[in-house]
Every structure is written in C-alpha cells, then in structure tokens.
Amino acid sequence: MESKRKWSQVPGALVLTLLLALSGCTAASNSSEANPQSTGPASGNSSEAGEPSTGDAAAEEPTEIRFFRVAVTQDPTKDRVLLELQKRTNTKLEFVTAPWDQQATKVNTMLASGEVIDVISMDDGAVDYIGHARNGTILPLDDYLKDMERYPIESMIAYDDVYQKFLVDGKSYGIPCLNQPGGGWVAGIRKDWLDKVGLDVPTNLDELYEVFRAFKEEDPDGNGQDDTYAMIVAQIFDSWGLMMRLSSPPVTWTENEDGSLQYTGTSEGQKASLRFVKRLYDEGLINQDVFTIRDRDYCLNDFTAGHSGIGFSPMWAKSLAEVKANCPEAEVELLFPAPHDPRYTNGATVNDAGWSWLVNVLPKTCRNPERVLDLLEYLNTGEGRKLMCTGIEGIHYDRYEDGVFYGISQEEQDKDWDPKDGEGPTGHPLWWGLTSTINGTIDFEAYPGDLLSAMQNCVTFVSEEDKADNPFYEQRKMICEVMAHELIDAKLETASTYSGKLSSISNEYQSRLILEPAENFDAIWDEYVEQMHANGLDEMYEEAGQWLKENGK
Amino acid sequence: MRRVLTSFKRDKWLYVMVAPALLWFLIFCYTPMFGIGIAFRRYQPGMSFFSFDGFVGFKNFQNLFSDHFFWRAFQNSIILAVMRIAVCLPAAVFMAILLSEVKNKVFKSLVQTVTYIPHFLSWVVVSVFCITFFNPETGINFLLKGRGLSPITLTDNNLFRIIVVGADMWKDMGFNSVLFLSAILSIDPGLYESAAIDGAGRGRCIFSITLPCIRNTILTVFVLWVGTIIGAGFDQIFNMYNPAVYATGDIIDTYVYRTAFSMGGDNYGTATAAGLFKSVISLGLLLGANAFSRRIGEEIIF
Amino acid sequence: MKKRKNTAFDYMVYLILAVLGFLCFFPFWYVFVISVSTADSYLADKLHFLPHALDFSEYYRTLVSSGFLRSFGISVLITLCGTLIALVLTIPSAYALSRPQFAPRKVFNGLIMFTMLFSGGMIPSYIVVTRLGLANKLPALFLPMACSAYNLIITKNFMTSLPVSLEESARIDGASDITIFFKIVFPLSKPIMAVMALFYGVGIYNDYFNSVLYISSRELYPLQMLLREMIVANTMQSSMIGLGNLTNKSEIFKMATVVISIVPILCVYPFLQKYFVKGLMLGAVKG
C-alpha cells in the first residue's frame, strides 16, 4: 500500500522538476538580452543623463525603487512611516537586504551580476567603491546634480570638502551618508565605582591601569564576590577597538616628528597600546576570552548589566537608562579624550575622524536616477528626517519644536515596529542609514558652502522626557568637538587592493604579541612591521605620499 | 552508430531516469563554470563574467604562489585533511562495528540517537558550543586551572587542529557510521553463524568477516573524502578560528575569503585562481586514491 | 539468533559506547545549564556542570522575538520540498548509472564527478540562479542544493550492490527498465532513501549562505539566518552606528537561542530515527 502511494507521487514530482527546470531555461534566455547592457564595458559617459527627464511623466504613477540597505526589518507595505514616505515622494519602495556580516558579499554579487537595483547603501570600507566607479558599474551623478534647484542638498553634500574622498577623478559617484565622527561612540566610566575604590577619572595610561586593577580586585560593586572587570574587551582588533587606540590617534595616517608619513598600525603608539593590553591580559585584569568573543556588543551588555565599570556606547542616553535599571546607584561620567595631546595618553578613547560610513550609489541598472535622487533629497530635508526618526506627527508624536518631540506615543510606535529591534533615541528603526546617521536635522541653508559647520551645528532630536533628565542626549554633538583629523583624506586605490591582507596580518601578529611570552615582544613586533611592508604597505605609503605631495596643506 | 542507436532504444528508460539529474548538473554546475576563466584575467567590477577581457595569463597564479601566507594556508589544508581522514574515517567504522555488536535494542537506539544528533546542528551552533565549552575561565578550563594545569583554549596553536578534528568527530562520527552500519547489516548472517560453528571468536569475526565485507563501502567513502576534503571545512574553520591561530588553522578558503574581501585590484582573479588550484590538487588526489583502490581490486568511480 | 550470555566483549562494547554517548551528550547539557541560569548564578558558578537555577525567561525572549516562528516554518517547508526533489533527482539517476549495460554511464559518471572538484564560484552561480527567476523566492534555497555528486555516487554504489537475480528474472519476463525500477529496485532502496533524505534534509535545513545570496526580504529568512543574526552576526558594524541590538544580549540569551534552535530537531529526530533504523533493518533483511 505504502509503496504504491509513493509511486504515484514520483512521476508527479518528476514532472514538477522538469517544469521548474524548463521555466528556468526560458527565463535565462529572455534575460540574456539584458545582460550585455548591464555588464557592458565602462564608458564613463552618461548619455542616460542627457535624455529628457521622465520625472513629470511619472508624476502620477509611483516610481518603483529597489533599495539595498543592510539589515532592514521593516516592511514597506505595512510600516506606516514607510507608507507615508512613499506617499510623500510618490514612490513604491522595495528593500533588498542582507545580514550585517554579509553585506559586502551581497553588494559585490549584485553589482557583478548586473541585476536591476536602483540604489545601494554601500559600505565603502568593504566594497571597492573606486573600482566600481572607474569601471562604470555605478553611475556618475554630475549631470544630475547640476540641477541645483532640484537637488540643493545633495549637490552640496557631494562636492563639499568633507566628502572630497568620494570624488573619483573629480566626478561624483555617490551621495555620502551624513554621519558624525566615530558614529558617536564614546567610553563612559562608573563614577560611583571610582569613588568606592578611591580613584579619580583617569587621564593617562598609568592611572587607567590603576583603574583596571582596582575594578577587578577591589570589589567595586560591593557584593563580596570577585565578579567584576573594569571592562569586557571584545573584537579587540577591529578598527574601532578602543584598546588599540589608547596611545595613537584613530586615523590611518599620521605624521612623524620629522614630518614623514606614518601608518598608524605600525607606529610606536600602536606598539605602546599593545604593550598595555598585554600587561592587562597577562595580569588577568581583562577577560581572558578576548580573542573568541564574536559579539562586540558584549562589552556594553556587561556594562549595563552592572558587571563592568567601563562601557563603550554609541548612545549613552539609552545605555545610562539601562544601567540604572540594573544598578539604581550608577553614575556615569564620559571619558573624553584630549585630542590635541600629541601623545594621546589620556587613557580614554579618541574618536575616529570619519565623517562617513556609507555612501548611496546608483548602480548602472538603476531605472530612474532622477527619481531616486529625489527620494534621497527628501530624506535629507528636515521633514524627511523628522519622519524617518520619529514617525508621523499626530500619530507617533503630538508636536515638534526646536528638536524636541512632545508626546511620543510608545503605543503607536509599537504598532509599527518591534520594540525589541533596538530603534534609535526617538523611534523608527530606519532612523539611521538611509541617507544619514544623525538623529537630528541639519540646517543646510544656514551654512551655505560650509557643510562641516552645518553638521557640527546639527539639531539633535530628543524626546520631551530625555530633554528633561538625560545628560547625554546630545552625545553625538559633543563628540564633534573632540576628534582627530585624517591626514590623507582620500580613498586610496592601493587600500582597496591590500586592506584584506594587511588587516589579516595585523590581526594575527597583534594577537601573537598579546599571547606570546613578553620576551618575544620586540622580535614579533619587528617581524610584524616587516610583513606589513612586504605585503602592500610599501605600495600604500607610495600612493599616500603622492597624494600628500599633490594635495597637502 | 547503429550500436549507439540500439543502445539508446534499449535503454530509453535509463536515459529518462538520468535526464533530470544531468539537467540539474548542467544548469547549476556547468553553466557557472564559465566563471573559471576569471583565474586568468584581471577581473574588475563591471566586466562580464563570461568574456576574456583583461586576460593576463598566469599572473594571478604567480601572485598566489609568491605569497607565503598562501602556502601556509595550503599546508594547513593538507594537514587538516590528512588528520580528518586518518581519525574520522576509522572512528566512524569503529563506531559502526560497535553498534552492530550491541544486542540490547533500547541501549542501541539510545546510543544512536545521542551520537547522531550532533550531526544535525549547523557549524554556527557547533562553534558556539566550542567557544563556550573552551572558554578560558569557566567550565572545563576552570577545573584545569584549579589543578594547576594549562587550559585548553581556541587560541592555542598547538591545540587548535586537534580541537577542529575533535569537533568534526563529535559532530559527524555517529552519522558517518550510518553508511557503514547499513553495509554491515546487509552482510549475510549465515557467514557469522558458520564462523561461530568453526569456533571463531567475535573479535576474530570482525576482522575476517565484517571488515572485508564492508571494504567496498570504506574505499568508496575514502576516495570521495580524499577528493573533496581539501575544499571542505570552510564553514567549520570560519566559525571556529580567530587571528591567534591563523598560523595553524587558516585554510585556503578562509585565507582567500579574508584577503579578497573588498575585491579590489587583482583580488578577484587571485581568489578564483586559488579555487582552481585547489580543484586541480583535489583532482590529482582523487585520481590517485581511485588508482589505489583499483590496485587493491575495487572499482569505485571510474 | 540464539540468545547469548553477555561476555566480557559485550561489556567492553557497552562501556565504550556509553562513554562515547556521554561525550556527545555532555556539551548539550553544558549549554542547557548555562541557558537556564540567572545572571547571578551564571557569574557565581564558573563550572556550569550542574544547574543552580531554572530560569526560562531568556527562552521566552527568543520565542517572542520577531519572526522566530515564521522562520522556523520556512525552514521546515524548504527542507521538505528540497528533500523530495533531491530524492527524485538522485534515486532514479543513481539506478540508471549503476546498470552495467547502460552505455554512457562512464561518461556521465565522469561529468558528475567533475562537478565535485570544479565549480564556477559564487558570482556566476548567483547569475544563473537569478536568471532562472529564483531571486528572493524560496526555491532558491533548495534547488541549488537539490543534487550532489557525492550523494549520487554513494547511492549508485548502493544500487550496484543490490542482488541482480530478481532483476534478471523480471527481465526474462519482459519487464522494462522503468517497471524493474519501480517494482523491484525502489522497494529495495528504502534504506538508502532514508539515508539520502537525511543527508539532503540536514544540508538544506542548516544552510545559510544561499539565503544570504538569494533572499532579500526578511520575511523569507529561514531559521539559520535568524540564528546567525542572534548569535554571531552582530559584529562590529551593527554596533558601529549605534543601532545594533542595544537591548541586552547576554551569554545566557545566546545559549537559550541555541537550545531553542535544537529543540525542533530533538522533537523530530526520534520519529525520524525509527523509520531510519527500520529502513536500515529492512535493507539488511532483504539484502
């Protein structure tokens, strides 16, 4: 019986498979015509731009836009904020997404395959932006941006000095996402713990060492158990690793005292940082599983749980509330760096000078560049920012005035997005990243031709409640004051070729420096520097030097 | 010609049966293979995958072979492959034989359940197990440290390969034994009965009946493993390793994944060249293993 | 078979298997113990060999997190469909390739073996799959995995070892190849079908890379994608921008998520094993 029934299924399934395969074949032959267009040779011309704008004709029909952004959780057909956005901009959005650690794979694959995609929020650190620009996989935007009436904000952003590095051979290929330095990360320390162990806020490495020792050994939380660390260190070597930046600035290139160029990763400052971390590791003053923790958030989680005394947060407004929920007595003081201290030894973090992180590019397959730029333009306006950060007036909040949202309705927000998805300070999960990572609005008109000042003087959004009692709500703005500047403000072509190998080498050698016996330290360091130079650093030096000669101030 | 036609007519149903699979291989394996040409090109974003723009001959291979980190990864791949075959294959056979000797059905089924289950976990989960289990401060290492012994960690170059093979064994030993168990179960019981009458002990039976009877299965699995094992293990290593053990744990695939990450410059071509190199080595090993198995009298694949 | 008394040999076998079984079981137990600790008991007991608390609140957090159940459903669906199609592709073709009289079998074998060694790489495969119209569709998660040279060869070898006597007598009676396959070979192949169903099923259930490439909307994420997101994927960039999950993700939460992801397997597996072992036995008796 049983086997008979199975027999009857087999031919059916066979037919199904064949049908699937057949339909696949036809699909392949249909779309093969489109292929040469999308993967054709790079010409660099922009004949598309010369064609008459289709914007007016399309005014009635919503323009379909396929938008890549990493880790989108919202559904544009359900989320009321996105529905409102589509209504206001007359678009029909479709999000293409990928998990955090796979975004480069996804973007590279999409661009290489030539599939239709209208705009990509590209991580220019992981994807070869220059290569794609030079080879014509992404569109030059100059001819569109000439229309200053239609794209006033975008044309300002694209050509401003701050974003010089996104111009390839003088042309614009993408609209950088507005961002404040360091993504807003800053270290904070438990003031109440310091008081308990009788120490002051550390200002140099020696004092910081004392804090690490006391927080580990002196039971600062007073529960009688040896269960505290000064700080949980995770993902120690990523470019944002706090511990690696203790004695060197957070930039790729600096100058030596004699004026020669210095790659920070092989500088004396980096060596000193590593020695410091090694000392902490050897003496058991930091967690021993630094090399195997994958989750960078672990540091902050442990801090907010009340088990460690130094945290590293992008949003203290939120982290403070969390730590207070676990330890009501907690007091937090931010560890600001002294950016003009030449030795960077204040014991805290100096923030990365990056003004950008993502860049919105329009691939060759973009169907309607004008309308995509319209959408991005709207997202950068005050109205657009208010909508994306907090929601719709009258639904998600009652009233907005000078950066303050009155009557934010948690109940309405929960209807549109999952409260567990970690939304920003004021609400919507897409507040960052579509065109901006500033939870606030920028008055572009007030600072014509001076984007830097405009960004430094942005209005940070805040809820009524936070404004009243949260000392850290303007964290990102505070950080603007304390940043280091990148010496080579350009994207180097050699960097996109060698960065993978160089970071692999530096990760390996730096972990060896920490793990292996102290007497080998200098020998390993020398070998490390040698390997870096032999595997691409020399080429990077050459290109960086060339750039400095041509563009140096 | 007529012979082909007759064969076609006679075996038409066999052709029909094999057609879907061949079609599948054609679509999902052979069509993408045109991309291999990139190994000989300076591929840049935007170029077509199926053309020969930017042909550079063997330059990508030169890049690769002049890189000592690549050779280190290659060496690690080989060492890990040898360790895997030498440890995991006998372990699976051993397990299958033990299981076949168990008479108590409840016990047998219990052991099978417990030892097969790890196979169903993905490497993501198994690596979380490993990282948690070998945490330097808790669990087993807490015990070791308490006795003054040095801890077992994933950052130890002397131990990393052993942990990798151990994890592999933990995950797949039971499940790999399934094939051998099914081969053992299909041995004619009469053989054992007559051996028992002749007075052979059970240990003796294993060596003179069980092992010879499943030789064909063992050799098949051996040849297949030899052919694929250099390319295997990306998922496992990628989820388990860390920079401290690149020296012993980095394999070709993980090395290429890390260094060709942003895919600028020559990276894409070099990555493809590495893949092609790996394939050629695997082909050589496979042919070698196949010749070996043929020499001892079994036709496995060709 | 006669009932024999347990000998020293038997005790040896039991002992070794018991030890192996315990080794396989222990890591599960360890993770379970962590997953039910409270934050305090986790820190207090560094050994984690015995539970000091039974706190399931982190389990609850995982279960109510968005999309967990939907992703689980998707994983089950693609595993079932994929396994069925894989069997349809594998079993008949393995039979055909195992017949000595089938003239082109060596060529076909060679062609199939070749794919085990050489592949075009990720991007060409992506182009093929998307051109088939499978982008952001569930079949993209199982069709590219619906056959494999390795499994085909193992099945083929099994078929070769089937007794030829039955088949020959059927042929004398004038049965065609297809009749022989369905009436004789198919019933005999149950053990190998059980094994293959597991091989393919597990492969599809555990795969995440195809979802990274082909699935662009979160609604269609299978379970493995969600798991990765919860356990490992939250690396530097997510927190870079201050989004990430700033909600607390402790070690306990991760372990709870891991345990929950295993539970479906633990629930389904004993039933599967029954058929599986039965299939093996069937093969043994008839073979």
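- Chain C goes by Carbohydrate ABC transporter permease in an unreviewed UniProt entry, where it is assigned to Neglectibacter timonensis.
- Check the Subcellular location (unreviewed entry) section of the UniProt entry for chain C; it says "Cell membrane".

- For chain B, an unreviewed UniProt entry supplies the name ABC transporter permease subunit and the organism Neglectibacter timonensis.
- Per its UniProt entry, chain B bears the Subcellular location (unreviewed entry) comment "Cell membrane".
- Looking at the Sequence similarities (unreviewed entry) heading of the UniProt record, one finds this comment for chain B: "Belongs to the binding-protein-dependent transport system permease family."

**Focus: the overall build of chain C**
- A count of helical and extended segments in chain C gives 15 helices and zero strands.
- Expressed as a percentage of the 287 residues in chain C, the buried residues total 51%.
- Sequence-distant contacts, at least 24 apart, represent 74% of the contacts inside chain C between residues at least 6 apart.

**Re the overall build of chain B**
- For chain B, the helix and strand inventory stands at 15 helices and zero strands.
- Its C-alpha atoms give chain B principal-axis dimensions of about 80 × 75 × 30 Å.
- Buried residues in chain B amount to 51% of all 302 residues.

**Thoughts on the sheet that holds strand β10 (residues 310-313) of chain A**
All names here are of chain A.
- Read from one edge of the open sheet, three strands run β10-β7-β11, paired in antiparallel fashion. A single partner strand is all that each edge strand has here, and the edge strands are β10 and β11 (332-335). Going across the sheet, the axis of each strand differs from the next one's by a mean of 35°, ignoring polarity.
- Alignment of strand β7 (residues 186-190) against β11, held across four bridges, turns out to be antiparallel. Paired with Arg 190 across the bridge in β11 is Val 332.
- Against the sheet, helix α13 (residues 316-326) touches β7, β10 and β11, its axis set at about 145° to β11.

**Details of the interface of chain B and chain C**
- At the interface, 70 residues of chain B touch 82 residues of chain C.
- Tallied by class, the residues present in the side of chain B that touches chain C amount to 43 nonpolar, 23 polar and four charged.

**Digging into the pairing of strand β3 (residues 119-123) of chain A**
All names here are of chain A.
- For β3, the tally of buried residues reaches five of five residues, placing the bulk of the element in the interior.
- Here β3 shows two buried faces, one formed by Val 119, Ser 121 and Asp 123 and the other by Ile 120 and Met 122.
- Bridging between strand β1 (residues 63-68) and β3 involves two bridges; their strand directions are parallel. Bridge pairing in β3 places Phe 67 opposite Val 119.
- The pairing of β3 with strand β12 (residues 358-361) spans four bridges and is classified as antiparallel. If you follow Asp 123 over to β12, its bridge partner there is Leu 358.

**Side note on the UniProt feature "transmembrane region" (unreviewed entry) in chain B**
Residues and elements named next belong to chain B.
- In the numbering used here, UniProt assigns the feature "transmembrane region" (unreviewed entry) to residues 12-40, 78-102, 114-134, 173-192, 213-234 and 271-292.
- Structurally, residues 114-134 comprises 67% helix and 0% strand, and the distance from its first C-alpha atom to its last is 21 Å.
- Here residues 213-234 runs as 73% helix and 0% strand, with 34 Å between its end C-alpha atoms.

**Brief notes about helix α15 (residues 382-390) of chain A**
Residues and elements named next belong to chain A.
- Where α15 is concerned, the buried positions are Gly 384, Arg 385, Leu 387, Met 388, Cys 389 and Thr 390.
- Buried positions along α15 lie against α4 (80-89), α14 (369-380), β14 (404-406) and β15 (440-441).
- Following α15 by one or two positions, Gly 391 has its phi on the positive side, about 120°.

**Here we look at the nonpolar core**
- Counting residues in each nonpolar core, the largest one holds 298 residues, and the members touching the most others are Cys 299 of chain A together with Cys 130 and Phe 180 of chain B.
- The element contributing the most residues to this core is helix α8 (residues 160-185) of chain B, with 15 residues.
- In this structure Cys 130 of chain B touches Leu 154, Ile 163, Ala 167 and Met 240 of chain B, once residues within four positions along its chain are discounted.

**Some points on the sheet that holds β14 of chain A**
Residues and elements named next belong to chain A.
- Read from one edge to the other, the open sheet built from three strands follows the order β13-β14-β17, with strand pairing classed as mixed. Of all the strands in the sheet, just β13 (399-401) and β17 (462-463) have a single pairing partner and so form its edges.
- Alignment of β14 against β17, held across two bridges, turns out to be parallel. Along β17, the bridge assignment pairs Val 404 with Val 462.

**Overview of the pairing of β12 of chain A**
Residues and elements named next belong to chain A.
- In β12, alternate side chains face the same way, and those of Leu 358 and Asn 360 on one face and Val 359 and Val 361 on the other are all buried.
- Where strand β6 (residues 174-176) meets β12, three bridges bridge the pair, whose relative direction is antiparallel. When the bridges of β12 are listed, Pro 176 appears paired with Val 359.

**A few points about the UniProt feature "transmembrane region" (unreviewed entry) in chain C**
All names here are of chain C.
- The feature "transmembrane region" (unreviewed entry), as given by UniProt, occupies residues 12-32, 72-95, 107-129 and 252-272 in the numbering adopted here.
- The straight-line gap between the two end C-alpha atoms of residues 12-32 is 30 Å; of that span, 100% is helix and 0% is strand.
- Span residues 107-129 is 83% helix and 0% strand, its end C-alpha atoms 26 Å apart.

**Quick word on the environment of Glu 58 of chain C**
All names here are of chain C.
- Within the fold, Glu 58 resides in helix α3 (residues 57-64).
- You can call Glu 58 buried: it has 26 C-beta atoms within 10 Å.
- In this structure the C-alpha to C-alpha distance between Glu 58 and Ser 93, which are 35 residues apart in sequence, comes to 48 Å.
- Sequence-distant contacts of Glu 58, that is, excluding residues within four places in its chain, are made with Ser 35, Ile 252, Phe 253 and Ala 256.

**Looking at unusual backbone geometry**
- A positive phi is found at Asp 219 of chain A, a non-glycine position, where the angle reads about 50°.
- Tracing the chain through its elements places Asp 219 of chain A in the loop between α10 (205-217) and β8 (253-255).
- Positive phi outside glycine occurs at His 48 of chain C, with the angle close to 55°.
- The buried category is assigned to His 48 of chain C, around which 24 C-beta atoms lie within 10 Å.

About the thresholds
Residues numbered from 1 in each chain as written. Chains lettered and ligands numbered in written order. Predicted model: local features only at pLDDT ≥ 70, side-chain atom pairs only at ≥ 80, totals over all residues. UniProt positions renumbered as here; feature names shortened; annotations may be inferred. Helix = DSSP H or I, 4+ residues; strand = E, 2+ residues; numbered from the N terminus. Buried ≥ 20, exposed ≤ 12 C-beta atoms within 10 Å, placed from the backbone. Contact = placed C-beta atoms within 7 Å. Pairing = 2+ DSSP bridges. Axes fitted to C-alpha atoms, helices over the stretch in contact; angles between N-to-C directions. Nonpolar A, V, L, I, M, F, W, Y, C, P; charged D, E, K, R; others polar. Core = buried A, V, L, I, M, F, W, Y, C linked by C-beta atoms within 7 Å.

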